[in-house]
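# Survey of secondary and tertiary structure
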Amino acid sequence: MQKILKTFGLATACSLTLATASLAQDALQWQGFYGGLQANSISPEIDGLFIPLGSGQSVGVFGGYNHAVGDHFVIGGELNYNSDTSIEITPAVDLTLEGLLTIRARAGYAIGNALFYGSLGYAQTDVSLTGAPFTLEADGAIFGLGVEAMLTSNISARIEYIRSDMDLSGGPIPPGTNVNADSVTMGIAYHF
(Lines give C-alpha, C1' and ligand atoms only; values in the text may rest on other atoms or scores of the structure.)
Protein backbone atom coordinates (compact mmCIF):
# COMPACT_ATOMS: atom_id res chain seq x y z
CA MET A 1 0.00 0.00 0.00
CA GLN A 2 2.84 2.40 0.82
CA LYS A 3 4.40 1.71 -2.58
CA ILE A 4 1.10 2.58 -4.27
CA LEU A 5 0.78 5.85 -2.34
CA LYS A 6 4.40 6.84 -3.07
CA THR A 7 3.83 6.19 -6.79
CA PHE A 8 0.61 8.22 -6.67
CA GLY A 9 2.37 11.11 -4.91
CA LEU A 10 5.27 11.18 -7.38
CA ALA A 11 2.97 11.10 -10.39
CA THR A 12 0.78 13.85 -8.89
CA ALA A 13 3.84 16.06 -8.45
CA CYS A 14 4.85 15.46 -12.09
CA SER A 15 1.32 16.28 -13.30
CA LEU A 16 1.26 19.49 -11.26
CA THR A 17 4.60 20.57 -12.72
CA LEU A 18 3.25 20.06 -16.24
CA ALA A 19 0.01 21.82 -15.39
CA THR A 20 1.56 24.92 -13.85
CA ALA A 21 3.98 25.29 -16.75
CA SER A 22 1.02 25.83 -19.10
CA LEU A 23 -1.10 28.92 -19.51
CA ALA A 24 -3.98 29.24 -17.08
CA GLN A 25 -7.34 28.18 -18.49
CA ASP A 26 -10.72 27.43 -16.98
CA ALA A 27 -13.01 24.41 -16.80
CA LEU A 28 -14.22 24.88 -20.39
CA GLN A 29 -11.09 23.15 -21.73
CA TRP A 30 -12.34 19.92 -20.10
CA GLN A 31 -15.86 20.05 -21.55
CA GLY A 32 -16.84 17.40 -24.09
CA PHE A 33 -16.28 13.75 -24.96
CA TYR A 34 -12.95 11.99 -24.42
CA GLY A 35 -11.45 8.52 -24.71
CA GLY A 36 -8.14 6.96 -23.88
CA LEU A 37 -5.86 4.14 -22.79
CA GLN A 38 -4.69 3.26 -19.30
CA ALA A 39 -2.27 1.00 -17.42
CA ASN A 40 -3.20 -0.33 -13.98
CA SER A 41 -1.45 -1.83 -10.98
CA ILE A 42 -4.03 -3.65 -8.82
CA SER A 43 -3.55 -5.09 -5.31
CA PRO A 44 -6.58 -7.16 -4.17
CA GLU A 45 -7.48 -8.56 -0.74
CA ILE A 46 -10.09 -11.23 0.01
CA ASP A 47 -11.82 -11.50 3.38
CA GLY A 48 -10.74 -14.64 5.22
CA LEU A 49 -7.81 -15.38 2.91
CA PHE A 50 -4.77 -15.12 5.14
CA ILE A 51 -2.26 -15.52 2.32
CA PRO A 52 -0.90 -12.10 1.34
CA LEU A 53 -1.66 -11.32 -2.28
CA GLY A 54 0.73 -9.40 -4.46
CA SER A 55 -0.23 -7.03 -7.23
CA GLY A 56 -1.02 -7.53 -10.89
CA GLN A 57 -0.97 -5.33 -13.94
CA SER A 58 -3.51 -4.78 -16.68
CA VAL A 59 -4.31 -2.36 -19.48
CA GLY A 60 -7.63 -0.83 -20.35
CA VAL A 61 -9.70 1.65 -22.29
CA PHE A 62 -11.96 4.42 -21.02
CA GLY A 63 -14.35 6.98 -22.37
CA GLY A 64 -16.60 9.63 -20.95
CA TYR A 65 -18.07 13.09 -21.03
CA ASN A 66 -17.20 16.18 -18.97
CA HIS A 67 -19.39 19.23 -18.43
CA ALA A 68 -18.02 22.56 -17.19
CA VAL A 69 -20.00 24.22 -14.40
CA GLY A 70 -18.84 27.80 -14.01
CA ASP A 71 -15.19 28.73 -14.35
CA HIS A 72 -13.62 25.94 -12.30
CA PHE A 73 -15.98 23.03 -11.61
CA VAL A 74 -16.27 19.97 -13.86
CA ILE A 75 -18.74 17.08 -13.58
CA GLY A 76 -19.06 14.03 -15.79
CA GLY A 77 -19.37 10.31 -16.24
CA GLU A 78 -16.94 7.64 -17.37
CA LEU A 79 -16.97 3.97 -18.48
CA ASN A 80 -13.80 1.82 -18.10
CA TYR A 81 -12.91 -1.68 -19.24
CA ASN A 82 -9.68 -3.42 -18.12
CA SER A 83 -8.03 -6.58 -19.39
CA ASP A 84 -7.58 -9.62 -17.12
CA THR A 85 -5.34 -9.13 -14.08
CA SER A 86 -3.59 -12.21 -12.65
CA ILE A 87 -2.07 -12.27 -9.16
CA GLU A 88 0.01 -15.20 -7.94
CA ILE A 89 -1.25 -16.76 -4.69
CA THR A 90 1.15 -19.71 -4.75
CA PRO A 91 3.53 -20.86 -7.52
CA ALA A 92 0.76 -23.11 -8.90
CA VAL A 93 -2.32 -20.95 -8.23
CA ASP A 94 -3.25 -17.56 -9.69
CA LEU A 95 -6.21 -15.38 -8.80
CA THR A 96 -7.53 -13.64 -11.93
CA LEU A 97 -9.84 -10.62 -12.12
CA GLU A 98 -11.47 -11.08 -15.52
CA GLY A 99 -12.44 -7.99 -17.48
CA LEU A 100 -13.06 -5.42 -14.75
CA LEU A 101 -15.84 -3.07 -15.89
CA THR A 102 -16.58 0.20 -14.07
CA ILE A 103 -18.98 3.08 -14.49
CA ARG A 104 -18.27 6.22 -12.46
CA ALA A 105 -19.42 9.76 -11.87
CA ARG A 106 -16.61 12.30 -11.63
CA ALA A 107 -16.52 15.78 -10.07
CA GLY A 108 -13.50 18.02 -10.07
CA TYR A 109 -11.96 21.43 -9.74
CA ALA A 110 -9.86 22.92 -12.56
CA ILE A 111 -6.81 25.04 -11.74
CA GLY A 112 -4.89 26.20 -14.79
CA ASN A 113 -4.43 23.12 -16.97
CA ALA A 114 -4.91 20.67 -14.08
CA LEU A 115 -8.11 18.97 -12.99
CA PHE A 116 -8.29 17.54 -9.45
CA TYR A 117 -11.22 15.14 -9.12
CA GLY A 118 -12.98 12.49 -7.14
CA SER A 119 -15.03 9.64 -8.53
CA LEU A 120 -17.73 7.29 -7.28
CA GLY A 121 -19.39 4.42 -9.08
CA TYR A 122 -19.96 0.71 -9.63
CA ALA A 123 -17.51 -2.08 -10.52
CA GLN A 124 -18.13 -5.62 -11.80
CA THR A 125 -15.73 -8.48 -12.57
CA ASP A 126 -15.49 -12.28 -12.58
CA VAL A 127 -12.89 -13.90 -10.33
CA SER A 128 -11.25 -17.24 -11.09
CA LEU A 129 -8.63 -19.42 -9.43
CA THR A 130 -6.27 -21.64 -11.38
CA GLY A 131 -7.71 -25.17 -11.51
CA ALA A 132 -10.97 -24.30 -9.69
CA PRO A 133 -14.11 -25.72 -11.37
CA PHE A 134 -16.07 -22.50 -10.73
CA THR A 135 -15.93 -18.79 -11.44
CA LEU A 136 -16.91 -16.25 -8.83
CA GLU A 137 -18.68 -12.94 -9.39
CA ALA A 138 -17.70 -9.68 -7.72
CA ASP A 139 -19.51 -6.36 -7.82
CA GLY A 140 -19.83 -3.27 -5.67
CA ALA A 141 -18.73 0.28 -5.03
CA ILE A 142 -15.66 1.93 -6.49
CA PHE A 143 -14.28 5.34 -5.52
CA GLY A 144 -11.11 7.28 -6.02
CA LEU A 145 -9.10 10.47 -6.37
CA GLY A 146 -7.14 11.66 -9.36
CA VAL A 147 -5.35 14.48 -11.09
CA GLU A 148 -5.34 15.09 -14.84
CA ALA A 149 -3.29 17.62 -16.79
CA MET A 150 -3.84 19.00 -20.29
CA LEU A 151 -0.61 18.49 -22.26
CA THR A 152 -1.98 20.04 -25.46
CA SER A 153 -5.40 21.39 -26.42
CA ASN A 154 -6.64 17.81 -27.07
CA ILE A 155 -4.33 15.47 -25.10
CA SER A 156 -4.30 14.93 -21.34
CA ALA A 157 -2.44 12.63 -18.96
CA ARG A 158 -3.74 11.45 -15.61
CA ILE A 159 -3.05 9.36 -12.55
CA GLU A 160 -5.65 7.99 -10.14
CA TYR A 161 -5.82 6.08 -6.90
CA ILE A 162 -8.92 3.85 -6.93
CA ARG A 163 -10.42 1.66 -4.19
CA SER A 164 -13.07 -0.95 -4.87
CA ASP A 165 -15.20 -2.75 -2.28
CA MET A 166 -16.99 -5.64 -3.98
CA ASP A 167 -19.16 -8.51 -2.72
CA LEU A 168 -17.89 -11.92 -3.80
CA SER A 169 -20.44 -14.61 -4.64
CA GLY A 170 -20.69 -18.02 -6.29
CA GLY A 171 -18.96 -21.36 -5.79
CA PRO A 172 -18.18 -22.37 -2.20
CA ILE A 173 -17.72 -18.78 -1.02
CA PRO A 174 -19.67 -17.93 2.17
CA PRO A 175 -22.19 -15.06 1.82
CA GLY A 176 -20.82 -11.67 2.83
CA THR A 177 -17.27 -12.32 1.61
CA ASN A 178 -15.69 -9.22 0.11
CA VAL A 179 -12.88 -8.64 -2.34
CA ASN A 180 -11.28 -5.23 -1.97
CA ALA A 181 -8.70 -3.80 -4.33
CA ASP A 182 -6.39 -0.80 -4.30
CA SER A 183 -5.15 0.33 -7.66
CA VAL A 184 -3.05 3.03 -9.24
CA THR A 185 -4.01 3.89 -12.81
CA MET A 186 -2.10 6.02 -15.30
CA GLY A 187 -3.74 7.05 -18.53
CA ILE A 188 -3.64 9.28 -21.55
CA ALA A 189 -6.77 10.67 -23.21
CA TYR A 190 -7.82 12.41 -26.40
CA HIS A 191 -10.49 15.11 -26.01
CA PHE A 192 -12.88 15.56 -28.96
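Residues numbered from 1 in each chain as written. Predicted model: local features only at pLDDT ≥ 70, side-chain atom pairs only at ≥ 80, totals over all residues. Heavy atoms only, no water.

## Considering the overall build of the chain
What counts is decided by this rule: Secondary structure elements are taken from DSSP: a helix is a run of H or I of four residues or more, a strand is a run of E of two residues or more, and numbering for both begins at the N terminus. Accessible area is worked out with a 1.4 Å probe on protein chains only. A residue is then buried under 20% of its type maximum, exposed over 50%, and partly exposed in between. The contact criterion used is simple: two residues touch if any of their non-hydrogen atoms lie within 4.5 Å. Per-residue and other accessible areas were derived by the Shrake-Rupley procedure at a 1.4 Å probe size, with only the shown protein chains allowed to occlude residues.
For the chain, the count of helices and strands is one helix and nine strands. Along its sequence from the N terminus, the chain presents helices and strands in the succession α-β-β-β-β-β-β-β-β-β. Considering the chain as a whole, with its 192 residues, one finds that 44% of them fall into the buried category. Taking contacts inside the chain between residues at least 6 apart in sequence as the whole, the part at least 24 apart equals 61%. For the chain, the exposed area adds up to about 9500 Å²; of that, 66% sits on carbon and sulfur atoms.

## Some details on a negative patch on the surface
The condition that has to hold: For patches, a residue must show more than 30% relative accessible area and have no salt bridge; joins then use 9 Å for like charges and 5 Å for nonpolar side chains, namely Val, Leu, Ile, Met, Phe, Trp and Tyr. Salt bridges are counted wherever a side-chain nitrogen of Lys or Arg sits within 4 Å of a carboxyl oxygen of Asp or Glu. As used throughout, the charge tally considers Lys and Arg to be positive and Asp and Glu to be negative, leaving His and the chain termini uncounted. The atoms used to mark charge sites are NZ of Lys, CZ of Arg, CG of Asp and CD of Glu.
Together, Glu 45, Asp 47, Glu 137, Asp 139, Asp 165 and Asp 167 line one region of the surface with negative charge. For the negative patch, the secondary structure elements donating two or more residues are strand 7 (135-150) and strand 8 (155-169). Here Glu 45 lies in strand 1 (residues 32-46). Overall, the relative accessible area of 44% leaves Glu 45 in the partly exposed class.

## So, a nonpolar patch on the surface
On the surface, Leu 37, Val 61, Leu 79, Tyr 81, Leu 101, Ile 103, Tyr 122, Leu 151 and Ile 188 cluster together into a nonpolar patch covering about 830 Å² of accessible area. At the level of elements, strand 3 (73-82) and strand 5 (93-111) are the ones that each hand at least two residues to the nonpolar patch. Relative to the helices and strands, Tyr 122 resides in strand 6 (residues 114-129).

## Some remarks on the nonpolar core
Here is the rule we go by: Put simply, buried Ala, Val, Leu, Ile, Met, Phe, Trp, Tyr and Cys residues joined by side-chain atoms within 4.5 Å make one nonpolar core.
Counting 18 residues, the largest nonpolar core has Leu 95, Val 127, Ala 138, Leu 168 and Val 179 as its most contacted members. Taken together, the elements giving at least two residues each to this core come down to strand 1, strand 4 (85-90), strand 5, strand 6, strand 7, strand 8 and strand 9 (178-191). Apart from the residues within four sequence positions on either side, Val 179 is in contact with Pro 44, Glu 45, Ile 46, Ala 138, Ser 164, Asp 165, Met 166 and Leu 168.

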